[in-house]
Amino acid sequence: MTAAAALSLLPIRICRPSKSNAKKGGGWRGGFRVLAVFGEEEEGSLEKKSTWGAIFNVEDPRPRVPLSKGKFLDVNQALEVARFDIQYCDWRARQDLLSIMLLHEKVVEVLNPLAREYKSVGTMKKELAELQEELAQAHRQVHLSEARVAAALDKLAYMETLVNDRLLQERNSTESSSDCTALTPSTSSASTEALKASKAKPHRRGLNVSGPVQSYHPNLKNFWYPVAFSSDLRNDSMIPIDCFEEPWVLFRGKDKKPGCVQNTCAHRACPLHLGSVTEGRIQCPYHGWEYSTDGKCEKMPSTRMLNVRIRSLPCFEQEGMVWIWPGDAPPMATIPSLQHPPGFKVHAEIVMELPIEHGLLLDNLLDLAHAPFTHTSTFAKGWSVPSLVKFLTPASGLQGYWDPYPIDMEFRPPCMVLSTIGISKPGKLEGQNTRECSTHLHQLHVCLPSSRQKTRLLYRMSLDFAPFLQHIPFVHILWRHFAEKVLNEDLRLVIGQQDRMINGANVWNLPVSYDKLGVRYRLWRDAVESGAKRLPFSKQDK
């Protein structure tokens with residue numbers, strides 16, 4: 001049985017009453033009634049003699065229900081069924097809404113001053129009571145239709161995701177027989193018997209994220225990465241960082257522009273960040289060799305000058321952040337914008353070094369369903385546990401919004417998470433979306449892959465209210481304390497995940513509906529590492 005058959009329960013039919021009902025109803029001359037019926041509706045039973053009739057003149061799609069030739073549906077047939085479900089839900093919703101409009105006209109007719117002169121008070125009370133009940137029933141049908149439309153849209157998005165996964169899986173298998181597919185069982189050494197059993201019995205599959213963390217794929221380096229806040233890089237200061245398991249150091253040159261060079265002196269491998277910045281050059285503390293932002297050694301005290309250069313990376317400054325390009329491919333011409341929305345002011349910029357792999361941290365940040373269970377002593381204190389948590393997103397996007405939480409969220413490649421939180425009452429769930437909230441908090445999380453078990457986190461918080469908070473002394477200490485408290489609630493769990501994963505557990509063994517954004521991040525990353533020409537869920541080619 002197709003999904004459309006399940007969605008066709010409890011339809012509404014609007015019809016004219018019989019003569020007997022008209023007599024009992026006390027003057028239902030030319031009126032309408034809303035009846036809940038089961039099964040097929042008779043053609044022509046819906047009267048549309050209303051000013052809104054043209055809007056609702058949509059053909060009933062049920063005669064065009066797709067038929068399956070076999071016991072199972074292939075991908076194209078499944079997508080066709082999902083499209084039909086949405087067409088049916090649209091038609092059904094129009095009929096329900098038309099019912100309410102026609103009943104509204106009837107209420108107006110009953111309450112018309114001229115009509116009241118010809119009816120007794122008892123007759124009017126009876127008619128109004130019947131209309132009230134029918135209106136309530138019609139409203140219930142509209143809510144059912146809304147739920148059906150949402151379910152059908154979720155189903156279509158899920159099917160399109162499966163199609164993308166299948167296409168990605170087939171592409172990977174043709175490129176290299178040794179590559180892991182996007183969706184596989186958690187163990188790589190499954191027996192032939194288990195494989196046959198899995199083919200014979202369909203089951204929900206999970207992403208394969210297990211075993212010791214592997215070295216980062218070179219393709220993952222070919223992106224612009226934000227590595228520091230501009231405010232932290234003063235003219236006479238340095239910032240040492242690790243990126244993809246290599247040590248680098250940031251400093252400003254003579255032109256005040258930032259540069260990024262290898263954090264190892266060419267002479268005796270001394271860490272350069274232990275030295276100082278002199279006239280736009282970084283000086284090694286061991287023998288005083290000085291390097292410019294392009295890596296060229298420009299000064300060698302106490303010896304003959306040699307032509308020496310250390311590695312440097314393309315470095316750029318934009319919107320209050322310093323970016324580097326760690327890959328071997330030519331840098332992209334544009335850098336992603338991480339600017340906060342209009343009307344917001346930055347209140348805090350915090351940097352932390354965390355002992356977890358950056359992909360696991362992104363998995364955590366892209367998940368909000370854990371909040372009422374994990375953050376019980378911070379921002380989610382007092383939150384009730386919703387009966388259903390959903391992340392609603394376009395079929396080909398990496399952004400969307402949470403339901404019932406008033407939070408918009410986006411994963412922005414390669415390692416950024418942006419979120420806007422609507423603030424209504426602290427610690428309470430109001431069932432609103434962000435647009436219905438009067439005040440908002442905007443967050444940026446940058447998860448820089450320092451090493452296989454270390455992440456450099458850049459956190460920026462902006463508000464569209466209370467600008468006076470920026471001028472309170474030492475308020476940044478309070479913001480950092482609160483951010484660390486929230487993050488520590490997550491860290492103890494994610495570190496535990498990492499330990500299990502290193503020992504062979506699959507941290508994405510059984511994803512469910514609210515894991516949608518995290519799953520899409522993993523599929524995007526798998527496509528990058530496999531060298532896909534077009535990345536899934538992206539608007540543009542890489």
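Residues numbered from 1 in each chain as written. Predicted model: local features only at pLDDT ≥ 70, side-chain atom pairs only at ≥ 80, totals over all residues. Heavy atoms only, no water.

Per an unreviewed UniProt entry, the chain carries the name Chlorophyllide a oxygenase, chloroplastic and comes from Phoenix dactylifera. If you open the UniProt record of the chain and go to Subcellular location (unreviewed entry), you find "Plastid, Chloroplast". (UniProt positions renumbered as here; feature names shortened; annotations may be inferred.)

Chemist: I'm lost on the sheet that holds strand S8 (residues 281-283) in this one. Help?
Modeler: Picture the strands of a sheet paired through backbone hydrogen bonds; they go either parallel or antiparallel. Ordered in space as S7-S8-S9-S10, the 4 strands form an open sheet in which the pairing is antiparallel. The strands lining the two open edges of the sheet, one partner per strand, are strand S7 (276-278) and strand S10 (297-299). As paired elements, S7 and S8 share 3 bridges and run antiparallel to each other. Bridge pairing links serine 276 to glutamine 283 in S8. (Pairing = 2+ DSSP bridges. Helix = DSSP H or I, 4+ residues; strand = E, 2+ residues; numbered from the N terminus.)

Chemist: Would you mind showing me how to read the confidence of the model for the chain here?
Modeler: Close inspection of predicted coordinates is inappropriate for parts of the model with low pLDDT. Per-residue confidence for the chain gives a mean pLDDT of 79, with 71% of residues at or over 70. Across residues 175-204, confidence stays below pLDDT 50; counting only partners more than four residues off in sequence or on other chains, it has 25 contacts. (pLDDT = per-residue confidence, 0-100. Contact = heavy atoms within 4.5 Å.)

Chemist: I would appreciate a short explanation of the packing of helix H7 (residues 358-365) against helix H10 (residues 516-530) in the present structure.
Modeler: Running from N to C, H7 and H10 point in directions that differ by 150°, and their axes come no closer than 9 Å. With respect to each other, H7 and H10 are oriented roughly antiparallel. Note that H7 runs across H10; the crossing there is right-handed. Taking contact as the criterion, the partners of His358, Gly359, Leu360, Leu362 and Asp363 in H7 are, on H10, Gly518, Tyr521, Arg522 and Arg525. Residue composition of the contact of H7 with H10, grouped by class: 3 nonpolar, 3 polar and 3 charged. (Axes fitted to C-alpha atoms, helices over the stretch in contact; angles between N-to-C directions. Parallel < 35°, antiparallel > 145°, perpendicular 65-115°, else oblique. Left-handed = near helix turned anticlockwise from the far one by under 90°. Nonpolar A, V, L, I, M, F, W, Y, C, P; charged D, E, K, R; others polar.)

Chemist: Looking at this structure, how should I read H10?
Modeler: For an α-helix the count is 3.6 residues per turn, leaving residues at separations of three or four pointing the same way. Helix length check: H10 (15 residues) gives 21 Å between terminal C-alpha atoms against 21 Å at 1.5 Å per residue, within 8%. In terms of burial, H10 is a largely internal element, 13 of the 15 residues being buried. Directly after H10, the chain includes glycine 531, whose backbone phi takes a positive value near 80°. (Expected span 1.5 Å × (residues − 1). Buried < 20%, exposed > 50% of the residue type's maximum accessible area, 1.4 Å probe, protein only.)

Chemist: Would you take a moment to explain the pairing of strand S13 (residues 321-324) for this structure?
Modeler: Looking down a regular strand, the side chains alternate between one sheet face and the other. Here S13 shows no split at all, with Met321 and Trp323 on one side and Val322 and Ile324 on the other all buried. Where strand S12 (residues 315-318) and S13 come together, 4 bridges link them in antiparallel fashion. By the bridge assignment for S13, cysteine 315 is matched with isoleucine 324. Taken together, S12 and the strand that follows it, S13, pair antiparallel across an intervening segment of 2 residues, in which glutamate 319 is found at a positive phi of about 50°.

Chemist: Help me understand the environment of proline 301, please; the structure alone is not making it clear to me.
Modeler: Examined against the element boundaries, proline 301 turns out to sit in the loop between S10 and strand S11 (312-313). Separated by 14 residues in the primary sequence, proline 301 and histidine 287 have C-alpha atoms spaced 7.3 Å apart. When residues no more than four places from it in sequence are discounted, the contact partners of proline 301 are His287, Gly288 and Trp289.

Chemist: Looking at this model, I keep getting lost on the pattern of salt bridges. Mind explaining?
Modeler: Side-chain pairing between opposite charges can occur once the charged atoms of the two side chains come close. Following the criterion strictly, the structure yields 14 salt bridges and no others. One salt bridge in this structure joins arginine 281 and glutamate 279, with 3.7 Å as the shortest N-O distance. Accessibility expressed as a relative area gives 10% for arginine 281, which makes it buried. Residue glutamate 279 is classed as exposed on the basis of its relative accessible area of 58%. Arginine 281 is the partner of glutamate 298 in a salt bridge, and the nearest nitrogen-oxygen pair spans 3.8 Å. Of the two residues, glutamate 298 sits in strand S10 while arginine 281 sits in strand S8, which places them 17 residues apart along the sequence. When salt bridges that share partners are traced, they join Glu279, Arg281, Glu290 and Glu298 into one network. (Salt bridge = Lys/Arg side-chain N within 4 Å of Asp/Glu carboxyl O.)

Chemist: Looking at this model, I keep getting lost on the state of the cysteines. Mind explaining?
Modeler: A disulfide bridge is the covalent bond that connects two cysteines by way of their sulfur atoms. Counting across every chain of the model gives 0 disulfides. As a non-bridged cysteine, cysteine 265 has cysteine 284 as the owner of its nearest cysteine sulfur, 3.8 Å distant. Classification of cysteine 265 as buried rests on a relative accessible area of 5%. Unpaired in this structure, cysteine 297 has its nearest cysteine sulfur neighbour in cysteine 265, at a distance of 7.0 Å. (Disulfide = S-S within 2.5 Å.)

Chemist: Before we go on, may I ask you to explain the sheet that holds strand S3 (residues 225-229) in this structure?
Modeler: Strand order in this open sheet of 3 strands is S3-S13-S12, and the pairing throughout is antiparallel. The sheet is open, and its two borders are formed by S3 and S12, each paired with just one other strand. Pairs of neighbouring strands in the sheet enclose a mean axial angle of 30°, with direction left out of account.

Chemist: Please clarify how the environment of glutamine 399 should be interpreted in this entry.
Modeler: Residue position: glutamine 399 is located in strand S16 (residues 399-403). Assessed through its relative accessible area of 25%, glutamine 399 is described here as partly exposed. Distance from glutamine 399 to leucine 366, taken between C-alpha atoms, is 10.0 Å for residues 33 residues apart in sequence. The residues contacting glutamine 399, other than those within four sequence positions of it, are Phe391, Leu392, Thr393, Pro394, Met409, Glu410 and Leu517.

Chemist: Would you take a moment to explain the pairing of S16 for this structure?
Modeler: Inspection of the sheet shows strand S15 (residues 390-392) paired to S16 by 3 bridges, in the antiparallel sense. The residue bridging lysine 390 from the neighbouring strand is aspartate 403, located in S16. Counted between consecutive antiparallel strands, the loop separating S15 from S16 contains 6 residues. The pairing of S16 with strand S17 (residues 407-412) spans 4 bridges and is classified as antiparallel. Its bridge partner being in S17, tyrosine 401 is matched across the sheet by aspartate 408. What sits between S16 and S17 in their antiparallel hairpin is a turn of 3 residues.

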